[in-house]
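Okay, here's what each chain looks like letter by letter:
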Amino acid sequence: AVGAAAMEEPAAHNGSAAGAAPGTGTPARPPATPEGMALAYGSLVLMALLPIFFGALRSVSCAKSKNSSEMPETITSRDAARFPIVASCTLLGLYLFFKIFSQEYINLLLSMYFFVLGILALSHTISPMMNRFFPANFPNKQYQLLFTQGSGESKEEIVNYEFDTKDLVCLALSSVVGVWYLLRKHWIANNLFGLAFSLNGVELLHLNNVSTGCILLGGLFIYDVFWVFGTNVMVTVAKSFEAPIKLVFPQDLLEKGLDADNFAMLGLGDIVIPGIFIALLLRFDISLKKNTHTYFYTSFVAYIFGLGLTIFIMHIFKHAQPALLYLVPACIGFPLLVALAKGEVTEMFSYESSAEILPHTPRLTHFPTVSGSPASLADSMQQKLSCPRRRRQQSPSAM
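Being a predicted model, the structure only gives us computed values, none of them experimental. (Residues numbered from 1 in each chain as written. Predicted model: local features only at pLDDT ≥ 70, side-chain atom pairs only at ≥ 80, totals over all residues. Heavy atoms only, no water.)

### So, the pairing of strand E3 (residues 142-149)
In the sheet, E3 pairs with strand E4 (residues 156-164) via 8 bridges, with the strands oriented antiparallel. Paired with Gln142 across the strands is Asp164, a residue of E4. Hairpin remark: E3 followed by E4, antiparallel, with 6 residues in the connecting loop; positive phi at Gly150, about 85 degrees. (Pairing = 2+ DSSP bridges. Helix = DSSP H or I, 4+ residues; strand = E, 2+ residues; numbered from the N terminus.)

### Notes on the packing of helix H10 (residues 269-288) against helix H12 (residues 324-342)
At a minimum axis distance of 10 Å, the contact between H10 and H12 shows a crossing angle of 5 degrees. Compared by their axis directions, H10 and H12 come out roughly parallel. Across from Asp270, Pro274, Phe277 and Leu281 in H10, the residues of H12 making contact are Leu324, Leu327, Cys331, Ile332 and Pro335. Per-class residue counts for the contact of H10 with H12 are 8 nonpolar, no polar and 1 charged. (Axes fitted to C-alpha atoms, helices over the stretch in contact; angles between N-to-C directions. Parallel < 35°, antiparallel > 145°, perpendicular 65-115°, else oblique. Contact = heavy atoms within 4.5 Å. Nonpolar A, V, L, I, M, F, W, Y, C, P; charged D, E, K, R; others polar.)

### Some words on unusual backbone geometry
Notably, Lys289 is not glycine yet its phi reads approximately 55 degrees, a positive angle. Here Lys289 lies in the loop between H10 and helix H11 (294-317). The backbone of Lys318 sits at a positive phi, close to 55 degrees, despite the residue not being glycine. The residue Lys318 is located in the loop between H11 and H12 in this model.

### Focus: the UniProt feature "transmembrane region" (unreviewed entry) in the protein
According to UniProt, the "transmembrane region" (unreviewed entry) feature falls on residues 38-60, 80-98, 105-126, 204-229, 263-282, 294-317 and 323-341. End C-alpha to end C-alpha, residues 105-126 measures 31 Å, and it is 100% helix and 0% strand. (UniProt positions renumbered as here; feature names shortened; annotations may be inferred.)

### Quick look at the environment of Ala339
Structurally, Ala339 can be placed in helix H12. For Ala339, a relative accessible area of 0% gives the class buried. Note: C-alpha distance between Ala339 and Thr294 (45 residues apart in sequence) is 9.6 Å. Sequence-distant contacts of Ala339, defined by excluding residues within four places in its chain, comprise Tyr295, Glu344, Val345 and Met348. (Buried < 20%, exposed > 50% of the residue type's maximum accessible area, 1.4 Å probe, protein only.)

### Thoughts on the packing of aromatic side chains
This structure, assessed with the given rule, holds 16 aromatic pairs. Between the aromatic rings of Phe53 and Phe54, the centroid separation amounts to 5.3 Å while the plane-to-plane angle is 85 degrees, which identifies the pairing as edge-to-face. Since its relative accessible area comes to 25%, Phe53 is described here as partly exposed. Members of the aromatic cluster, each reached through a chain of ring pairs, are Phe53, Phe54, Phe296, Tyr297 and Phe300. If you follow Lys185 out to its NZ or CZ, it ends over the ring of Tyr181, 5.7 Å from the centre. (Phe/Tyr/Trp six-rings, centres within 6.5 Å; stacked < 30°, edge-to-face > 60°. Lys NZ or Arg CZ within 6 Å of the ring centre and 35° of its normal.)

### As for the packing of helix H7 (residues 210-230) against H10
Packing of H7 against H10 leaves a shortest axis separation of 10 Å and a crossing angle of 160 degrees. In terms of axis orientation, H7 runs roughly antiparallel to H10. Once H7 is placed against H10, the crossing between them reads as left-handed. Contact residues: Val210, Gly213, Cys214, Leu216, Leu217, Leu220 and Asp224 in H7; Asp270, Ile273, Ile276, Phe277, Leu280 and Leu281 in H10. Taken together, the residues of the contact of H7 with H10 sort by class into 10 nonpolar, 1 polar and 2 charged. (Left-handed = near helix turned anticlockwise from the far one by under 90°.)

### A word on the side chain of His186
Within the secondary structure, His186 sits in the loop between helix H5 (165-184) and helix H6 (187-204). A polar contact is formed between the side chain of His186 and the backbone oxygen of Leu258, at a distance of 3.3 Å. For His186, the contacting residues outside a window of four places in its chain are Trp180, Tyr181 and Leu258. (Polar contact = N/O pair within 3.5 Å; in protein donor to acceptor, adjacent residues only side chain to side chain.)

### A look at the side chain of Asn200
Here Asn200 lies in helix H6. The class of Asn200 is buried, set by a relative accessible area of 4%. Of note is the side chain of Asn200, whose polar atom sits 3.0 Å from the backbone oxygen of Ala121.

### Side note on the pattern of salt bridges
Scanning the model with the defined rule gives 6 salt bridges in all. Ionic pairing is found between Lys185 and Glu242, a salt bridge with its closest N-O pair at 3.8 Å. Placement of Lys185 in the loop between H5 and H6 and of Glu242 in the loop between helix H8 (233-240) and strand E6 (246-250) is noted, with a sequence separation of 57 residues between them. With a closest N to O distance of 3.3 Å, Asp261 and Lys256 form a salt bridge. Asp261 sits in the partly exposed class, given a relative accessible area of 32%. Given the relative accessible area of 46%, Lys256 is considered partly exposed. Because the salt bridges share partners, they merge into one network encompassing Asp252, Lys256 and Asp261. (Salt bridge = Lys/Arg side-chain N within 4 Å of Asp/Glu carboxyl O.)

In structure tokens, the structure reads:
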């Protein structure tokens, strides 16, 4: 999910693929009907909300998981500061590749790469849902894929993945979708993979605190605006890149059915990047132990507002829009205003998500006032270390 999120961010924009490139001699497609456009953009909004909502819910259980194969990847402030630079280099590199080399061969390699990633992501996504359909007497055997380096005390684990027979069934079903996508490149198969990538990104990519989230969203805000408004690089890559890095929905579905080909698109980066911030606020809500999810719902509504504003502006100006231009201020500003009104700004910015991931790791939350000789201080510290540690109770919370 980490690699997918980093590669998908270059296509993070909202735009319409309708029409032909100027100067190509290809006849432009007929304009979409108002009904078709409303259906397309409404479907895109709905598809964007699903992985954010369910990915945020799954990120809570993922943070408490003890299974090494499901441990989240934590984004620190240093990672957040470097992310826009890495994404810009990746985007520019893809643009140059498409300009220099044959687009057909590049997309063939990318299709194989995302074929494997998509199968794994989709299998991980449907696994919890598929468990309900298996009978109680289903012969479920446990497996472990272990790959190590070295021997003896210097042995290092490279891969340690645990799975069972049910996971293999989910993998087989996902492979059917993968073959369908590889052979037909159908937009439904593309969206199934795109939704799986988005949900896995929101679930498994964790921001360590709100400050890191503000750095990440702020940096990508500038990145998105520059590459969409400053150059044609973003739009060119998004339209040339034949991989499930964006959600698409046909605007001519009512006229042509499933064979429609006039697509509106939304990049997965516009889902995953705000989504991991919204998931962080959900974990912050749970840490307050108030049995409310004020910040989560506030940011979720803010995302709907920002995405709706993006579509409205794009429809008015008939130009691809950097969705993060509208999503970032909404997703950060709305929860911050709520925190100011409730007097919880300090609690919000002092919350550390890593404490939920590793609940048994001792953390220094304040500096105690001590007095006396160094010997007495050492004795006091020794007594505290010898006391049995109590396991912190997690209060159950339901959405």
